[in-house]
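A look at the structure
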Amino acid sequence: MKNRLRQLREERNLTQEDLAILVGVSRQTIISVEKEKYNPSLVLAFQLANSFGLKIEDIFIFEEME
Amino acid sequence: MNFRRNITAIAVTLLILIGMGIWLISQGNIAFGSSMIGAAIGVGLVRYIEMKKIREMQAKGLNPYDERIVFITGKASHLTLTISILLAAGFILIGSVFGPELQVNPYNFLGFCLAVLILIYVAVYYRYSKDN
């Protein structure tokens, strides 16, 4: 699943560690989500969206599997 | 468990293992005794460093046991179990058809199986950790 996490984080001048603390995960998890290697759970996706004051679909872009 | 309690548990386990190592050496089993002491100190050090890192992460407000770790450990455990079952089944099948009957020391054999299991888990965990 594609996402705009890195772009949104950088726009707000947040480090990966700041964001990790904000949503209560490790920095490695933020790195993995940004690199689109790991798809977060619905809870984490909501937490990330809430921390930016956005909706989930503003951050994560769902693509139908072929 | 908090940090201090974890350290105490590690220290007690280390002391027991080192004591057993010293006893083995005094009984003339120098190789086994010294390996046990070496391994106990090595594992103790690694655990201490690991716990210190986790403590530092928690102090910053980070969560070292978050959902990604749970996801990876779950996947790694499942694959380790599958590989172990397939290996054991293959070993039993080939051994009972073609292999000679062997006399094995059950302690050594179980120790070997445990070491293989841990090695598979570590390898699989590392792979999933890289991919996720």
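A quick note: this is a predicted structure, and the numbers were derived from the prediction, not measured. (Residues numbered from 1 in each chain as written. Chains lettered and ligands numbered in written order. Predicted model: local features only at pLDDT ≥ 70, side-chain atom pairs only at ≥ 80, totals over all residues.)

Topic: helix H1 (residues 3-26) of chain B
Over its 24 residues, H1(B) runs 34 Å from end to end, which matches the ideal 34 Å to within 8%, given 1.5 Å per residue. Gly28(B), located one to two residues past H1(B), shows a positive phi value of around 100°. (Helix = DSSP H or I, 4+ residues; strand = E, 2+ residues; numbered from the N terminus. Expected span 1.5 Å × (residues − 1).)

A short note on the packing of helix H2 (residues 16-23) of chain A against helix H3 (residues 27-34) of chain A
Residues and elements named next belong to chain A. Relative to each other, H2 and H3 sit at 110°, their axes nearing to 8 Å. Judged by the angle between their axes, H2 and H3 are roughly perpendicular. Contact residues: Gln16, Glu17, Leu19 and Ala20 in H2; Arg27, Thr29, Ile30 and Ile31 in H3. Split by residue class, the contact of H2 with H3 holds four nonpolar, two polar and two charged. (Axes fitted to C-alpha atoms, helices over the stretch in contact; angles between N-to-C directions. Parallel < 35°, antiparallel > 145°, perpendicular 65-115°, else oblique. Contact = placed C-beta atoms within 7 Å. Nonpolar A, V, L, I, M, F, W, Y, C, P; charged D, E, K, R; others polar.)

Digging into the domain arrangement of chain B
Domain assignment breaks chain B into domain 1 (1-62) and domain 2 (65-132). Its C-alpha centre places domain 1 of chain B at a distance of 24 Å from the equivalent point of domain 2 of chain B. (Domains from an automatic or database assignment.)

Some thoughts on the nonpolar core
Leu5(A), Leu19(A), Ala20(A), Val23(A), Val25(A), Ile30(A), Val33(A), Tyr38(A), Leu44(A), Leu48(A), Ile59(A) and Leu62(B) form the largest nonpolar core, which has twelve residues in total. Where this core is concerned, the elements lending two or more residues are H2, H3 and helix H4 (42-52) of chain A. A per-element tally of this core places H2(A) first, with three residues. Excluding residues within four positions of it along the chain, Leu62(B) makes contact with Ala20(A), Ile21(A), Ser26(A), Arg27(A) and Met57(B). (Core = buried A, V, L, I, M, F, W, Y, C linked by C-beta atoms within 7 Å. Buried ≥ 20, exposed ≤ 12 C-beta atoms within 10 Å, placed from the backbone.)

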